[in-house]
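These are the residues of each chain, in order.
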2 protein chains.
Amino acid sequence: MIQNGPFQLDEFIPYMLNRAAETTSLDFQKIYKDSYGMLRTEWRVLFHLGRYGDLTAKQICSMSDIHKTKVSRAVSKLERQRFLQRTEVPTDRRHEVLSLTKQGRSAFDHLQSEALKYNTTLLERFTEDEQVILRRCLTELSKNK
Amino acid sequence: MIQNGPFQLDEFIPYMLNRAAETTSLDFQKIYKDSYGMLRTEWRVLFHLGRYGDLTAKQICSMSDIHKTKVSRAVSKLERQRFLQRTEVPTDRRHEVLSLTKQGRSAFDHLQSEALKYNTTLLERFTEDEQVILRRCLTELSKNK
DNA sequence: CGTTGATAGTTACAAATGCAACAAATATCC
DNA sequence: GGATATTTGTTGCATTTGTAACTATCAACG
């Protein structure tokens with residue numbers, strides 16, 4: 001009952017990307033969810049702060065393309081759980097610089113090493129050349145033309 | 001304030017996959033949302049039926065890894081909008097075979113050609129070899145180990 | 001100044017989702 | 001046959017999300 005034509009659903013790139021993203025994200029989610037009760041957005045905010053240093057919410061939004069309401073809520077929860085703290089910028093009180101607490105830094109260090117391990121298991125199925133191409137394609141596809 | 005070490009957040013595969021998936025899915029979503037008021041899951045269910053012919057909800061779940069409650073709700077809405085119809089299987093009345101109506105087939109034909117066009121614009125940035133590798137990687141990464 | 005417009009971030013409300021419990025039909029095993 | 005388990009699909013409820021409206025601060029321009 002397979003239809004004819006050149007197009008195949010299983011080769012539709014947005015669909016393939018979604019499946020791969022869901023499979024790998026849900027898999028890795030177990031780690032930060034079980035260890036720290038974090039949701040995906042919280043993990044990403046933590047990771048941006050750990051990776052790039054202190055940032056404002058706005059900067060995280062721009063870098064990640066996560067919507068500002070999601071970032072706002074993730075920041076609130078991470079603050080409540082003492083993973084980060086806010087500091088008002090005196091020169092412009094609309095901004096708040098976010099920085100990891102000691103506890104947040106420790107969680108990041110742990111999760112970063114877990115992420116590294118997980119990334120390695122994902123990539124070891126591919127050759128070095130394939131890994132380079134995959135990364136290039138994904139970076140390209142993330143750009144909104 | 002960039003940290004040291006081999007690992008880079010922007011090379012974390014689940015993160016890169018999610019960004020690429022969101023960018024492309026939201027982009028293509030405009031088409032089926034504006035034309036038919038469909039949500040992502042509804043579009044996917046429609047596409048499975050159009051591509052693979054009549055299926056039960058269970059089969060769609062297995063093929064797509066979409067949760068059965070999401071499929072159940074998408075099927076209800078597609079039925080309400082007359083894009084598909086259910087037929088009880090006499091030999092096993094737990095199953096219901098889903099099939100596209102004339103209207104559902106017409107929507108599928110339209111959206112399939114739009115999807116083909118969109119897919120082409122996504123892939124034309126890459127060489128033939130890169131496309132093959134990308135597809136292989138995504139298929140591989142969709143498997144749960 | 002003072003009005004207007006832009007920016008950072010929060011919140012209210014409706015919609016979508018995930019989980020667990022559920023109903024109904026069938027399969028299994030004694 | 002009959003108790004129990006399994007499968008298919010739906011529903012209730014709590015959580016998460018998206019949109020739009022909102023507050024508060026700053027910028028621009030007369």
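In this text the structure is predicted, and so the values were computed from the model without any measurement. (Residues numbered from 1 in each chain as written. Chains lettered and ligands numbered in written order. Predicted model: local features only at pLDDT ≥ 70, side-chain atom pairs only at ≥ 80, totals over all residues. Heavy atoms only, no water.)

Asks: Where do I start with the pattern of salt bridges in this structure?
Replies: Side chains carrying opposite charge are able to pair once their charged atoms draw close together. In total, this model carries 26 salt bridges over all chains according to the counting rule given. Of the charged contacts, one joins B:Arg19 and A:Asp65 as a salt bridge, the two residues approaching to 2.5 Å between their closest N and O atoms. Pair noted here: B:Arg19 is in helix H1 (residues 13-36) and A:Asp65 is in the loop between helix H3 (57-64) and helix H4 (68-80), and the two residues belong to different chains. For B:Arg40, the salt bridge is made with B:Glu22, and the minimal N-O distance between the two is 3.6 Å. Taken together, the positions of B:Arg40 in helix H2 (residues 40-52) and B:Glu22 in helix H1 put the pair 18 residues apart, joining distant regions of the chain. On the accessibility criterion, B:Glu22 (34% relative accessible area) is partly exposed. Several salt bridges share partner residues, and in doing so they unite A:Glu79, A:Arg86 and A:Glu96 into one network. (Salt bridge = Lys/Arg side-chain N within 4 Å of Asp/Glu carboxyl O. Helix = DSSP H or I, 4+ residues; strand = E, 2+ residues; numbered from the N terminus. Buried < 20%, exposed > 50% of the residue type's maximum accessible area, 1.4 Å probe, protein only.)

Asks: What exactly am I supposed to notice about the protein's contact with DNA strand D here?
Replies: If you check the shell around DNA strand D, you find 19 residues, and the closest are A:Arg93, A:Arg94, B:Lys58, B:Ser72 and B:Arg86. Here DNA strand D approaches the protein such that, of its atoms within 4 Å, sugar and phosphate make up 60%. Taking A:Arg73, its side chain carries an N or O atom lying 3.1 Å from a base oxygen of DNA strand D. The side chain of B:Arg94 places a nitrogen or oxygen atom 3.2 Å from a base oxygen of DNA strand D. At the level of elements, H4 of chain A together with helix H3 (57-64) and helix H4 (68-80) of chain B are the ones that each hand at least two residues to the surface near DNA strand D. Considering every element that reaches the surface near DNA strand D, the biggest residue donor is H4(B), with four residues. (Near = heavy atom within 4 Å. Polar contact = N/O pair within 3.5 Å; in protein donor to acceptor, adjacent residues only side chain to side chain.)

Asks: Hey, could you run me through the relation of the copies chain A and chain B in this one?
Replies: For these two chain copies, the linking operation is a rotation about an axis paired with a shift along it. Under the fitted operation, chain A is carried onto chain B by 0.0 Å of movement along the axis and a turn of 180 degrees, and the coordinates agree to an RMSD of 0.1 Å. As the rotation angle and translation indicate, the two copies are arranged about a two-fold axis. (Least-squares fit on C-alpha atoms with pLDDT ≥ 70 in both.)

Asks: Looking at this structure, I do not really get the interface of chain A and chain B. What am I missing?
Replies: The accessible area lost on association of the parts is a frequent measure of interface size. Facing 60 residues of chain A, the contacting portion of chain B comprises 61 residues. Taking both sides of the interface into account, the surface hidden between chain A and chain B amounts to around 6,300 Å²; carbon and sulfur atoms contribute 61%. Counting the contacts that link chain A with chain B gives eight salt bridges. The partner of B:Arg135 in a salt bridge is A:Glu11, with the nearest N and O atoms 3.9 Å apart. Linking chain A to chain B there are 22 residue pairs in polar contact (both at pLDDT 80 or more). The biggest single contributor to the side of chain A that touches chain B is helix H1 (residues 13-36) of chain A, with 14 residues. For the side of chain A that touches chain B, the residue count by class is 29 nonpolar, 15 polar and 16 charged. (Contact = heavy atoms within 4.5 Å. Buried area = accessible area lost by both parts, 1.4 Å probe. Nonpolar A, V, L, I, M, F, W, Y, C, P; charged D, E, K, R; others polar.)

Asks: Help me understand the sheet that holds strand S2 (residues 84-88) of chain A, please; the structure alone is not making it clear to me.
Replies: Whether parallel or antiparallel, the strands of a sheet pair through hydrogen bonds between backbone atoms. All names here are of chain A. Taken in spatial order, the three strands make up an open sheet running S1-S3-S2, and their pairing is antiparallel. Both edges of this open sheet fall to strand S1 (55-56) and S2, since each of them pairs with a single strand only. Of the strand pairs in this sheet, S2 and strand S3 (residues 96-100) are connected by five bridges, and their pairing is antiparallel. When the bridges of S3 are listed, Glu88 appears paired with Glu96. In the packing of helix H2 (residues 40-52) onto the sheet, contacts are made with S1, S2 and S3, and the angle to S3 comes to roughly 85 degrees. (Pairing = 2+ DSSP bridges. Axes fitted to C-alpha atoms, helices over the stretch in contact; angles between N-to-C directions.)

Asks: In this structure, what is going on with the sheet that holds strand S2 (residues 84-88) of chain B? I would like to understand it.
Replies: Residues and elements named next belong to chain B. Spatial ordering of the open sheet is given by S1-S3-S2, a layout of three strands whose pairing is antiparallel. A strand with exactly one partner marks an edge of an open sheet, and here the two such strands are strand S1 (55-56) and S2. Relative to strand S3 (residues 96-100), S1 runs antiparallel, the two sharing two bridges. Note on S3: the bridge partner recorded for Leu55 is Leu98.

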